[in-house]
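Chain by chain, the residues run as shown.
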Amino acid sequence: MRRTAPISRRTFVQAMPAAAALAPAILASGKSLPSNRVRIGLIGCGGRGRELLNVFRQFPDVDVPVISDVFEPRMEQAAKILAEGDRPQKPDLVVEHERILDRRDVDAVLIATTQHWHGIPFIQAAQAGKHIYVEKPFSHTVVEGRAMVEAARRSGVIALMGVQQRGYPHYLQASEILRSDRLGKIALVECWNYEKLGRRVGKSPDADPPAGLHWDRWLGPAPLVPFNPARLNNSWWFDYGGGMLTNWAIHHIDVILWAMQVANPTAVSCSGGKFVVDDLADTPDTIEASWEFPGFVMQYCYRGFNNFRTIQNRPYNHGICFHGDRATMVLDRSGYEIWEDRDPAKSVEREDNPRHWGDGKPGNEVDGPWQRLFVDLIKDGKRPPVDLEQSHRATVCCHLANIAYRTGHKIRWDGEREKIVGDEEASQLVQRPRRRGYELPRG
């Protein structure tokens, strides 16, 4: 495995404008790749990054010539994944992701970093003319998300957020039903996640960073703090993620906005707290969030300390419930069911996801088609079926609920201007202070 020496951010940023100037003219034409292969650089080799790497490496027309992570042991774990199978690969290993972006043997990047590190490599990749697959949530703040959307638009690159549920037939079928008059007027949409996590991140003391961890760069734009192993479980900290709203609710909300054909809520409220789970993280273990849209209300419930299921015949502790005045649909990764209002004791229609039910055990049944779609879009030079604007607005819903929770205020939202109305304290949280040297790229 080959490692290259790190470069400074200043040197890389100074070299970017010339490459960025060429990208729009080349990529906006929509032409397919001159090669029949797609070469992907992986940025972020944590748990989700390695899961995605396992998916992409199985495509015979995909190569992974380089991978990057600020924790070197994770890079080595990812390299072992690529070394396995019928088509072993030996990628270069680089700490600084910028080294991926100026390589001619990279067509696209897969961004699976911590959530607070999505924005910088996304914008830099767009400027470098690299296509982008970015894990959910799209961004870490409202302002960052808007900058990412605009960067992709200027460059013309193909960019797709990892909302893999969109790639499965039963979600497509459900969305068609929901857009018809089958359920009647839908006035309430509920979604939820229930699980028993225990400590989540634990209560370990501060310590020295382990060998191979570049701690300052791991923190990136976040505040400088001593290393603590609990922080590596990053999504449960507001400095690095957004708790369960950006971990899981983003999947539900993306589907709801898509099915209901709406973009922006008018008001958002969120209550809850850290009532049971005893650990160092600062995100809540209990959430009740509500978004008001013209004509209906969307609600999200999360409890992280109890597994009781409200709908007992569904195999997962997650789901979406669309309540119409004629019928109700329950939708999750195992399929969907419809109950008519006149006979709520028995469902009248059911569609199962065969990859979920095939062996009788829940599994990671949603990965595969969505990632294959990304590769095919690049090869064919076609635009994604999900515009980044949709991914941004679904993520914004999560950010707004977290802002409402942190301030204790009901938020009035002007979606067209992306402004919180009449609340200076809440308005401050649509962006975050960034450490010097980790500002969002301009241009």
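Residues numbered from 1 in each chain as written. Predicted model: local features only at pLDDT ≥ 70, side-chain atom pairs only at ≥ 80, totals over all residues. Heavy atoms only, no water.

**Some details on the overall build of the chain**
- Each helix and strand counted, the chain has 13 helices and 17 strands in total.
- Taking all 443 residues of the chain together, 57% fall into the buried category.
- Intrachain contacts of the chain at a sequence separation of at least 6 include 72% that bridge at least 24 residues.
- When the accessible area of the chain is evaluated, it comes to approximately 18800 Å², of which 51% is carbon and sulfur surface. (Helix = DSSP H or I, 4+ residues; strand = E, 2+ residues; numbered from the N terminus. Buried < 20%, exposed > 50% of the residue type's maximum accessible area, 1.4 Å probe, protein only. Contact = heavy atoms within 4.5 Å. Areas by Shrake-Rupley, 256 points an atom, 1.4 Å probe, with all protein chains shown as cover.)

**Thoughts on unusual backbone geometry**
- With omega at -10°, the peptide bond leading from K136 into P137 counts as cis.
- As for its position among the elements, P137 is in the loop between strand 6 (131–134) and helix 6 (142–155).
- In this structure, Q261 is a non-glycine residue whose phi angle is positive, near 55°.
- With respect to the helices and strands, the residue Q261 is situated in the loop between helix 9 (243–260) and strand 9 (267–273).
- You will see that E418, though not glycine, has its phi angle at about 50°, which is positive.
- Here E418 is to be found in the loop between strand 16 (411–414) and strand 17 (419–420).
- By relative accessible area, E418 is classed as buried at 14%.

**Focus: the environment of F296**
- Topologically, F296 is positioned in strand 11 (residues 296–303).
- Residues F296 and K185, spaced 111 residues apart in sequence, show a C-alpha to C-alpha distance of 9.1 Å.
- Setting aside its immediate chain neighbours within four residues, F296 contacts I186, A187, L188, V189, I256, M260, V262 and W291.

**Observations regarding the packing of helix 9 against helix 12 (residues 388–407)**
- Running from N to C, helix 9 and helix 12 cross one another at 130°; their axes reach a closest spacing of 8 Å. Of the possible angle classes, the one that applies to helix 9 and helix 12 is oblique. Pair helix 9 / helix 12 crosses with right-handed handedness. Of the residues in helix 12, those in contact with L245, T246, A249, I250, I253, D254 and L257 of helix 9 are R393, A394, T395, C397, C398, H399, A401 and N402.
- Here the residues of the contact of helix 9 with helix 12 are counted per class, giving nine nonpolar, four polar and two charged. (Axes fitted to C-alpha atoms, helices over the stretch in contact; angles between N-to-C directions. Parallel < 35°, antiparallel > 145°, perpendicular 65-115°, else oblique. Left-handed = near helix turned anticlockwise from the far one by under 90°. Nonpolar A, V, L, I, M, F, W, Y, C, P; charged D, E, K, R; others polar.)

**Details of the pattern of salt bridges**
- Across all of its chains, the model carries 31 salt bridges by this definition.
- A salt bridge links R217 to E98; the nearest nitrogen and oxygen atoms lie 2.7 Å apart. Pair noted here: R217 is in helix 8 (residues 215–219) and E98 is in helix 4 (residues 98–101), with a separation of 119 residues, a long-range link.
- We classify E98 as buried; its relative accessible area is 3%.
- Among the salt bridges present, the one from E150 reaches R146, with a minimum N-O distance of 3.2 Å. Residue E150 and its partner R146 are both found in helix 6; the two are separated by four residues, about one turn of the helix.
- Ionic contacts of the salt-bridge type, sharing partners, join the residues R146, E150, R153, E389, R393 and E418 into one network. (Salt bridge = Lys/Arg side-chain N within 4 Å of Asp/Glu carboxyl O.)

**So, the pairing of strand 13 (residues 327–332)**
- Burial runs high along strand 13: six of the six residues are buried.
- In strand 13, alternate side chains face the same way, and those of A327, M329 and L331 on one face and T328, V330 and D332 on the other are all buried.
- In this structure, strand 12 (residues 318–324) lies alongside strand 13, joined through four bridges in antiparallel fashion. Within strand 13, the position partnered with F322 by the bridge is M329.
- What sits between the antiparallel neighbours strand 12 and strand 13 is a turn of two residues.
- Bridge count between strand 13 and strand 14 (residues 335–340): six bridges; the pairing is antiparallel. (Pairing = 2+ DSSP bridges.)

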